[in-house]
Amino acid sequence: MVSDSVVALVLNISREIPKVVVESEEATKTEEENNKKAEKVVHALLVSLFGDVKFGENGKLVISVDGNVAHLDKQSGNVESENEGLKERVRVAFQRIQNDVKPIPLSVS
């Protein structure tokens, strides 16, 4: 009787292992989907604030406002522009959007 219980337990464990692997793959997919959604939201909010926002080279965004152009690096948040006012507006707006879209994670890992 005890051996039957042990065999049943072992068989149930072997059935559950593939499910755990599938869930971890799904978690990776959902994380990738969340990152894509976050990038779309960031782009949409920048368009609503500045109007003409295009994807440039090396993953940078090109923002044009009244003939002034700013280049925003999405990874680092650095902004390059000849117009200091536009540069500061884009930098502050991007920081605030990033803080809203991707808040500080609760778990430190």
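Since the model is a prediction, treat every value here as computed from it, not as a measurement. (Residues numbered from 1 in each chain as written. Predicted model: local features only at pLDDT ≥ 70, side-chain atom pairs only at ≥ 80, totals over all residues. Heavy atoms only, no water.)

Novice: Give me the lowdown on the overall build of the protein, citing residues and values where you can.
Specialist: For the protein, the helix and strand inventory stands at two helices and four strands. When the helices and strands of the protein are placed in sequence order, the string is α-β-β-β-β-α. For the protein, buried positions account for 17% of its 109 residues. Long-range pairs, those at least 24 residues apart, make up 23% of the contacts in the protein between residues at least 6 apart in sequence. Summing over all exposed atoms, the protein offers an accessible surface of approximately 8600 Å²; the carbon and sulfur share of this is 55%. (Helix = DSSP H or I, 4+ residues; strand = E, 2+ residues; numbered from the N terminus. Buried < 20%, exposed > 50% of the residue type's maximum accessible area, 1.4 Å probe, protein only. Contact = heavy atoms within 4.5 Å. Areas by Shrake-Rupley, 256 points an atom, 1.4 Å probe, with all protein chains shown as cover.)

Novice: Just give me the short version of the side chain of Ser-81, but keep the residues and values in it.
Specialist: Relative to the elements of secondary structure, Ser-81 occurs in strand E4 (residues 79-81). According to the relative accessible area criterion, Ser-81 is buried, its value standing at 15%. In this structure the side chain of Ser-81 is engaged in a polar contact, spanning 3.2 Å, whose partner is the backbone nitrogen of Asn-83. In contact with Ser-81, other than residues within four places in its own chain, are Val-69, Ala-70, Leu-86 and Lys-87. (Polar contact = N/O pair within 3.5 Å; in protein donor to acceptor, adjacent residues only side chain to side chain.)

Novice: Residue-level account of the pairing of strand E3 (residues 68-73), with values.
Specialist: With six bridges joining them, strand E2 (residues 60-65) and E3 adopt antiparallel strand pairing. From the neighbouring strand, Ile-63 faces E3, where its bridge partner is Ala-70. (Pairing = 2+ DSSP bridges.)

The values reported here are purely geometric and, on their own, carry no functional implication.
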